[in-house]
Amino acid sequence: MGEFAPSFLIKNLVYKKGGIGFMDKRLEEVNKKKNIDILFIGSSHVYRGFDPRIFAKQGYSSFNLGSSAQTPIETKFLLDKYVTTLNPKFVIIDVYPSILSNDGTESALDLISNSKIDSEIIKFALEFKNIKVYNTLIFAYYKQLLGNSKKNSYKKTPKTDHYITGGFVESFKKYSSNSKSNKAVYEKLQPSQKQLQKLDEIINIFNNRNIKFLLVQSPISQLKYNSFKNNSSVDSVLHKKGPYINFNEVLKLNDSLFIDDHHLNQHGVAVYNEKFIKLAMDILTYPSQKVKK
Amino acid sequence: MLFNSIQFIIFLPVIFTIYWLLNKKELRLQNMVLLIASYYFYSCWDWRFVFLLAFSTLLDYYSGIIIYKSETKKAKKIWLFISVFINLGFLAYFKYYNFFINSFAELLQNLGFNPNFALLNIVLPVGISFYTFHGLSYVIDIYYNRIKPTTNWINYFLFVSFFPLLVAGPIERATHLLPQIEKRRNFSYSKSIDGLKQILWGLFKKIVIADNCAQYADIIFNDSHAYSGSTLVLGALFFAFQIYGDFSGYSDIALGTARLFGFELLKNFNFPYFSRDIAEFWRRWHISLSSWFKDYLYIPLGGSQGGNWMKIRNTFIIFIVSGFWHGANWTFIVWGALNAFFIIPSIILKSNRNNIDIVAKGKLLPSLKEFFQIILTFSLTCFAWIFFRADSVHNAISFIGDIFSRSLFRFPQLPKASLLIILLIVFFIIIEWLGREQNYAIEKIFIKFPRPVRWVIYSGLLFLIGIYMQTTETGFIYFQF
């Protein structure tokens, strides 16, 4: 922040242009994109999990519109804004169940900090009854009026992360579940009704526009995946929403393919995307086809 | 409906507008609007207890009339007893039933028995302690011929349920508030602005000071063994400002809101943390409750008349009852007893009325003697607050024991963000000190500045409220913020 005081003294003002997920660059780039084959959308599992370069080699143009902690609330906002110009044939939505229990405030702050403040983003912000969102909106508008909303900060972005054209974030860092800081904390996943409702609204957008879509759960570390008590019941909820693949049941990836317990590194992305293309593109092209394991 | 909620921000201007639009019309209509608004306000907490409030009010209304009309002292006493018994009976049941059952069961267990009493899942009606005392003061004042009963049920119902004071006081007296209800009020722009200013200051105390202090007080009190003695001291300090900010903040909002409608309520807090002794503290802290206990319990028991033993007895009784009024736990009783213990020497030595005026009146700073007196009084108060905050007497004693250990001289172990709270407390103390001779801190301290500057200052307070209020979003995953 720096302008008024250190961040910890400005509790309810969380403006951060740029940041860990390079959202500013992604939003700058998406405004120039039109008529793509595949749109990837969802949380950081998306912008760290789907490499447009790999899909380009298979002949698919794509764009990665993931963002940090993005929930269906933010996904719907982004789709409403960009689906017409992007005009995708296929949309891949990552539905990480842990994110579905989130109220979306963190991702909203990320979007507000990195977007142009207009009536659409104001309407979006007002959906949140949260003073942090309102303060950040006002501050972002003030920065925009002063014309220095282009200054960004990547202070907290790991040096191992690189933004790749197409919205992807590449990293070669390796993770180990044996390190002392990693502990499995057993929890029950509880997707919120509000987020599931938003997911339904998103699916309606696709149905109304005749866009083929696929819900996916990107692979995470086995330690993390096994720490959730109710994976199968969450799967059955998501299966009812539409075509869905839980890649944790399809791929059991080694820790060396991750940068932390739930984000793939570039090696992991290569393995994942190759499997994804084999399995998922058939479903998208021929929706009646069942998932092959 | 909390004072610091969006519903209240919508509710207040709507009622304010309707109320003053009716000003030229019948007073009865204006009071009826306030009464309906007050019952609506109360029903937002829990609609089921609206009937209890109405019943209690109706009981005291008719009791008052019957007591006044009764020809014999005996008849008056019987009706007073009925009213007091039923009102306190409701209070005892809703607030203290489980406490009595638990305490009795523990006693039997200690005597070797194995009791099996059923506890009831009783929901405590919001504000019952306050409106019960409103009603009691009314019937008792009629019994002692201090006032005549009102025969206007709208006015009486409004006296008991007036929404600014319904859930957290101040505990009003019929002699003070009823005449205001019975008289036409005139709109005053300056009083409305003054009311808004007091609301603003109350919101600052509650949202910025109390809620932020609560965050750290809770962390420390909930796991006190994990912290050093110095951190526990900080925890007690945070709680001292939490309870002051919360309670006096709510009172400021209540008084400011009432002023918007042309009413002046009783002042409830008069800068108690600047007191030079415990007796002065109790003249400045929760004034409406202390004066209620003084008038309706202490004086009827004999007050300060009689010998020292009677004074000691009466002092202990009112402080223990006062402690018990705050909550159904032995910790509140111990808190009350501690305060009685602190104040008794000054009552016996007749030095309890040495410090009547505000400290350092007309001066910028206190003298060195006054400064030490303030620190000592504040320290005793904080010590007693430990019992008020702790879950049990055992935990309170354990907390105190952990303070007085070698780790008392270690640097407190709290996150960087707690520095913010300490800075806010320092800012708060400075403003309260500068405004200590007024009704509330920001009443007149900025009066010398031009109006645009004053409005910038008030906007600054609003800004601080917006920046430091507690929020309830799910935890951030990336902590990039």
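Residues numbered from 1 in each chain as written. Chains lettered and ligands numbered in written order. Predicted model: local features only at pLDDT ≥ 70, side-chain atom pairs only at ≥ 80, totals over all residues. Heavy atoms only, no water.

The next thing to look at is the overall build of chain A. Looking only at helices and strands, chain A features 13 helices and 7 strands. Long-range contacts, defined here as pairs at least 24 residues apart, represent 80% of the contacts in chain A between residues at least 6 apart. (Helix = DSSP H or I, 4+ residues; strand = E, 2+ residues; numbered from the N terminus. Contact = heavy atoms within 4.5 Å.)

Further remarks concern helix α1 (residues 6-21) of chain B. Residues and elements named next belong to chain B. The first and last C-alpha atoms of α1 sit 23 Å apart over 16 residues, in line with the 22 Å expected at 1.5 Å per residue. The set of residues buried in α1 consists of Phe 8, Phe 11, Leu 12, Ile 15, Tyr 19 and Trp 20. The buried residues of α1 occupy an angular sector of 135° when the element is viewed end-on, so they sit on one face. Seen from the open side of α1, the exposed residues pointing more than 90 degrees away from its buried face are Ile 9, Ile 10 and Leu 21. Next to the buried residues of α1 lie α2 (27-43), α7 (163-166), α9 (189-222) and α10 (229-260). (Expected span 1.5 Å × (residues − 1). Buried < 20%, exposed > 50% of the residue type's maximum accessible area, 1.4 Å probe, protein only. Arc of directions from axis to C-beta.)

This paragraph deals with the pairing of strand β1 (residues 38-41) of chain A. A regular strand places its side chains so that they alternate between the two faces of the sheet. Residues and elements named next belong to chain A. The alternating pattern of β1 places Ile 38 and Phe 40 on one face and Leu 39 and Ile 41 on the opposite face, and all of these are buried. Of the pairings in the sheet, the one linking β1 to strand β2 (residues 62-64) comprises 3 bridges and is parallel in character. Residue Phe 40 lies in a different strand from β2, and its bridge partner there is Asn 64. Pairing geometry for β1 and strand β3 (residues 90-94), over 4 bridges, is parallel. (Pairing = 2+ DSSP bridges.)

On to the sheet that holds β3 of chain A. All names here are of chain A. What the 5 strands build is an open sheet, ordered β2-β1-β3-β6-β7; its pairing is parallel. Looking at the sheet topology across the chains shown, the edges are occupied by β2 and β7 (244-246). Mean inter-strand twist for the sheet, computed between neighbouring axes without regard to direction, equals 15°. In this sheet, strand β6 (residues 212-217) lies alongside β3 in parallel orientation, the contact comprising 5 bridges. (Axes fitted to C-alpha atoms, helices over the stretch in contact; angles between N-to-C directions.)

A separate point is unusual backbone geometry. With an omega of 5°, the peptide bond running from Gly 169 of chain B to Pro 170 of chain B counts as cis. Here Pro 170 of chain B lies in the loop between α7 and α8 (174-182). Not every positive phi belongs to a glycine, and Ala 69 of chain A is a case in point at roughly 60°. Along the chain, Ala 69 of chain A turns up in the loop between β2 and α4 (72-86).

Before going further, it helps to spend a moment on the interface of chain A and chain B. Each partner contributes residues to the interface: chain A has 28 residues there, and chain B has 22 residues. In total, chain A and chain B occlude about 2300 Å² of area from one another, counting both sides; carbon and sulfur atoms represent 63% of this. On the surface where chain A and chain B come into contact, there are 0 salt bridges. Our count for the contact surface shared by chain A and chain B stands at 6 residue pairs in polar contact (both at pLDDT 80 or more). (Buried area = accessible area lost by both parts, 1.4 Å probe. Salt bridge = Lys/Arg side-chain N within 4 Å of Asp/Glu carboxyl O. Polar contact = N/O pair within 3.5 Å; in protein donor to acceptor, adjacent residues only side chain to side chain.)

Residue and element names in this part refer to chain B. Assignment of secondary structure puts Asp 194 in helix α9. Taking relative accessible area as the criterion, Asp 194 reaches 15% and is therefore assigned buried. There is a polar contact of 3.0 Å between the side chain of Asp 194 and the side chain of Arg 259. If we skip the residues at most four places from it in the chain, Asp 194 touches Arg 259, Tyr 440 and Glu 443.

The next subject is the nonpolar core. Membership of the largest hydrophobic core comes to 204 residues, with the highest contact counts inside it found for Leu 65 of chain A together with Phe 238, Tyr 273, Trp 285 and Trp 385 of chain B. Ignoring any residue separated from it by four or fewer positions in sequence, one finds Trp 285 of chain B in contact with Ile 243, Tyr 244, Phe 247, Asn 268, Phe 269, Pro 272, Tyr 273, Ser 290 and Trp 385 of chain B. Listed in part, the 29 residues of the second largest apolar core include Ile 92, Leu 257, Tyr 272 and Leu 279 of chain A. (Core = buried A, V, L, I, M, F, W, Y, C linked by side-chain atoms within 4.5 Å.)

A few words now on the state of the cysteines. One covalent bond between the sulfur atoms of two cysteine residues makes up a disulfide. Residue and element names in this part refer to chain B. Under the criterion given, the structure shown has 0 disulfides over all chains. No disulfide involves Cys 382; its nearest neighbouring cysteine sulfur is the one of Cys 213, lying 11 Å away. Classification of Cys 382 as buried rests on a relative accessible area of 8%. (Disulfide = S-S within 2.5 Å.)

Okay, the environment of Arg 184 of chain B next. All names here are of chain B. Looking at the element boundaries, Arg 184 is found in the loop between α8 and α9. Classification of Arg 184 by relative accessible area gives partly exposed; the value is 41%. Remark: the alpha-carbon pair of Arg 184 and Ile 422, spanning 238 residues in sequence, is separated by 46 Å. Setting aside its immediate chain neighbours within four residues, Arg 184 contacts Asn 23, Lys 24, Lys 25, Glu 26 and Leu 27. Among the polar contacts made by the side chain of Arg 184, one reaches the main-chain carbonyl oxygen of Asn 23 at a distance of 2.4 Å.

The next point concerns the confidence of the model for chain B. Of the residues in chain B, 98% reach a pLDDT of 70 or more, and the chain-wide mean stands at 90. Here helix α4 (residues 73-110) of chain B stands out as the least confident element of chain B, with mean pLDDT 85; helix α15 (residues 368-389) of chain B is the most confident, with 96. (pLDDT = per-residue confidence, 0-100.)

Bringing the pairing of β3 of chain A into the picture now. Along β3 of chain A, 5 of the 5 residues are buried, which leaves the element largely enclosed by surrounding structure. Side chains Phe 90, Ile 92 and Asp 94 of chain A of β3 of chain A all project onto a buried face; the interleaved residues Val 91 and Ile 93 of chain A project onto the opposite face, where all are buried too.

Residues and elements named next belong to chain A. For the pair α4 and helix α6 (residues 105-114), the least separation of the axes is 9 Å and the interaxial angle reads 30°. It follows that α4 is roughly parallel to α6 by the angle criterion. Between α4 and α6, the contacting residues are Glu 74, Phe 77 and Leu 78 on the first element and Ser 107, Ala 108 and Leu 111 on the second. For the contact of α4 with α6, the per-class residue count stands at 4 nonpolar, 1 polar and 1 charged. (Parallel < 35°, antiparallel > 145°, perpendicular 65-115°, else oblique. Nonpolar A, V, L, I, M, F, W, Y, C, P; charged D, E, K, R; others polar.)

A surface patch of nonpolar side chains, about 560 Å² in accessible area, is lined by Leu 364, Leu 365, Ile 422, Val 426, Ile 430 and Leu 434 of chain B. A residue is classified by how much of its surface remains accessible, and Leu 434 of chain B, at 43% relative accessible area, is partly exposed. (Patch = residues over 30% accessible without salt bridge, like charges linked within 9 Å, V, L, I, M, F, W, Y side chains within 5 Å. Areas by Shrake-Rupley, 256 points an atom, 1.4 Å probe, with all protein chains shown as cover.)

So, about the side chain of Ser 248 of chain B. Residue and element names in this part refer to chain B. Position of Ser 248 relative to the elements: it lies in helix α10. Taking relative accessible area as the criterion, Ser 248 reaches 1% and is therefore assigned buried. Polar contacts involving the side chain of Ser 248 include one to the main-chain carbonyl oxygen of Tyr 244, which spans 2.5 Å. Not counting chain neighbours up to four residues away, the residues in contact with Ser 248 comprise Lys 205, Ile 243 and Phe 269.

All names here are of chain B. Here helix α13 (residues 308-326) crosses helix α14 (residues 330-348) at 150°, and the two axes come no closer than 8 Å. Put simply, α13 runs roughly antiparallel to α14. Handedness of the α13/α14 crossing: right-handed. Between α13 and α14, the contacting residues are Asn 308, Lys 311, Ile 312, Thr 315, Phe 316, Phe 319, Ile 320, Gly 323, Phe 324 and His 326 on the first element and Phe 332, Ile 333, Trp 335, Gly 336, Ala 337, Asn 339, Ala 340, Phe 341, Ile 343, Ile 344, Ile 347 and Ile 348 on the second. Broken down by class, the residue content of the contact of α13 with α14 amounts to 15 nonpolar, 6 polar and 1 charged. (Left-handed = near helix turned anticlockwise from the far one by under 90°.)

All names here are of chain B. With respect to the helices and strands, the residue Gln 438 is situated in the loop between α17 (417-434) and α18 (451-468). Assessed through its relative accessible area of 14%, Gln 438 is described here as buried. In sequence terms Gln 438 and Ile 358 are 80 residues apart; their C-alpha atoms lie 9.9 Å from each other. The residues contacting Gln 438, other than those within four sequence positions of it, are Lys 267, Phe 271, Glu 443, Lys 444 and Ile 445. Within the structure, Gln 438 has its side chain in polar contact with the backbone nitrogen of Lys 444 (distance 2.7 Å).

A few words on the pattern of salt bridges. The tally for this structure, following the rule as stated, stands at 25 salt bridges over all chains. Between Glu 120 of chain A and Lys 81 of chain A there is a salt bridge, and its shortest N-O distance comes to 2.9 Å. Of the two residues, Glu 120 of chain A sits in helix α7 (residues 119-126) while Lys 81 of chain A sits in helix α4, which places them 39 residues apart along the sequence. Taking the relative accessible area as the measure of exposure, Glu 120 of chain A reaches 40% and is therefore partly exposed. With its nearest N and O atoms 2.8 Å apart, the salt bridge here joins Asp 141 of chain B to Arg 146 of chain B. Assessed through its relative accessible area of 2%, Asp 141 of chain B is described here as buried. Overlapping salt bridges bring together Lys 76, Asp 80, Glu 127, Lys 198 and Glu 201 of chain A as one network.

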